[in-house]
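# Inside the fold
Now for the letters of each chain:
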Amino acid sequence: DGGITQSPKYLFRKEGQNVTLSCEQNLNHDAMYWYRQDPGQGLRLIYYSQIVNDFQKGDIAEGYSVSREKKESFPLTVTSAQKNPTAFYLCASSTTSFYTFGSGTRLTVV
Amino acid sequence: GQSLEQPSEVTAVEGAIVQINCTYQTSGFYGLSWYQQHDGGAPTFLSYNALDGLEETGRFSSFLSRSDSYGYLLLQELQMKDSASYFCAVSPHDKIIFGKGTRLHILP
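Description of the structure in this document. These figures come from a predicted structure and were not determined experimentally. (Residues numbered from 1 in each chain as written. Chains lettered and ligands numbered in written order. Predicted model: local features only at pLDDT ≥ 70, side-chain atom pairs only at ≥ 80, totals over all residues. Heavy atoms only, no water.)

## Let's talk about the overall build of chain B
On a plain count of helices and strands, chain B comes out with 0 helices and 11 strands. When the helices and strands of chain B are listed from N to C terminus, the series reads β-β-β-β-β-β-β-β-β-β-β. For chain B, the spread of C-alpha atoms along the principal axes amounts to about 40 × 30 × 20 Å. Here chain B holds 108 residues, and 48% of them are scored as buried. A fraction of 57% describes how many contacts in chain B between residues 6 or more apart in sequence connect residues 24 or more apart. With an accessible surface of roughly 5100 Å², chain B has 49% of that area assigned to carbon and sulfur atoms. Across chain B, 6 positive and 11 negative side-chain charges occur, with their mean positions spaced 6 Å apart. (Helix = DSSP H or I, 4+ residues; strand = E, 2+ residues; numbered from the N terminus. Buried < 20%, exposed > 50% of the residue type's maximum accessible area, 1.4 Å probe, protein only. Contact = heavy atoms within 4.5 Å. Areas by Shrake-Rupley, 256 points an atom, 1.4 Å probe, with all protein chains shown as cover. Lys, Arg positive; Asp, Glu negative; His and termini not counted. Charge placed at Lys NZ, Arg CZ, Asp CG, Glu CD.)

Below you can see the structure in the form of structure tokens.
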């Protein structure tokens, strides 16, 4: 079955650490996205990529980095520069009309 | 700028009909879509309107008026499993912008 796989489901980060969230899709979608969701809030765009080896900043890119070396993969690194990283992170890929989301990664700073 | 407005919460009774409104302001527009998200889960796609009018998918319908920058999601024959958050989203061109979501509470 086609879909998007995010891992890990839960992640704990110590202060000052960088962590990388994985996102893999087998839907053959060109576009991929990373969103952050805080409790009771909507989805805020971090980064997106329309094609391999190219990506753009979203509304809250500071403290995050991405790469797009393969069509299937769009990993997100949460760097130590992100001062409030505790949140639910969602990866998505799209056709022109709608998104398919992964099941999310819940990141907690300890 | 780009913005979407939808009510933060709506309450309805099981078996009834509920409408969730969404108004938007964007610099470009390709369509209005709706997503459902249960607690702890990922959003799932419900419907998409590129043109004015009503789209029906089972118990769910979605409406768009481009001239009014307005749309709504209509849920009929409400079931307890419909308790969730519902997000409207607009497609300016190369990405989708989401509203803050409407929490739907269903009373038995």
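## Observations concerning the environment of Ser 73 of chain A
All names here are of chain A. Within the secondary structure, Ser 73 is located in the loop between β7 (64-66) and β8 (76-78). Spatially, the C-alpha atoms of Ser 73 and Glu 24 are 4.6 Å apart, while their sequence positions differ by 49 residues. Residues within four places of Ser 73 in sequence aside, it is in contact with Cys 23, Glu 24, Met 32, Ser 67 and Arg 68.

## Observations concerning the interface of chain A and chain B
The partner chain B presents 15 residues to the 18 residues of chain A that form the contact. Summed over both partners, the interface of chain A with chain B buries about 1400 Å², with 60% contributed by carbon and sulfur atoms. Contact with chain B buries surface across chain A, with Leu 43, Ser 97 and Tyr 99 of chain A losing the most and accounting together for 30% of the total. Counting every contact that joins chain A to chain B gives 0 salt bridges. (Buried area = accessible area lost by both parts, 1.4 Å probe. Salt bridge = Lys/Arg side-chain N within 4 Å of Asp/Glu carboxyl O.)

## Focus: the packing of aromatic side chains
All names here are of chain A. In the structure shown here, the tally under the stated rule is 17 aromatic pairs over all chains. For the ring pair Tyr 47 and Phe 55, a centre distance of 5.9 Å and an interplane angle of 80° mean the geometry is edge-to-face. Residue classification places Tyr 47 among the buried positions, given a relative accessible area of 7%. On the basis of an interplanar angle of 55° and a centroid distance of 5.8 Å, the ring pair of Tyr 99 and Phe 101 is categorised as tilted. Take Tyr 99 and Phe 101: they sit in the same class, and that class is buried. If you follow Arg 68 out to its NZ or CZ, it ends over the ring of Phe 74, 5.9 Å from the centre. Directly above the ring of Phe 88 sits Arg 106, whose terminal nitrogen or CZ lies 4.3 Å from the centroid. (Phe/Tyr/Trp six-rings, centres within 6.5 Å; stacked < 30°, edge-to-face > 60°. Lys NZ or Arg CZ within 6 Å of the ring centre and 35° of its normal.)

## Focus on the pairing of strand β11 (residues 102-107) of chain B
Residue and element names in this part refer to chain B. Side chains of β11 alternate between two faces, with Thr 102, Leu 104 and Ile 106 buried and Arg 103, His 105 and Leu 107 left unburied. Both strand β2 (residues 9-13) and β11 contribute to a ladder of 5 bridges, which runs parallel. From the neighbouring strand, Thr 11 faces β11, where its bridge partner is His 105. (Pairing = 2+ DSSP bridges.)

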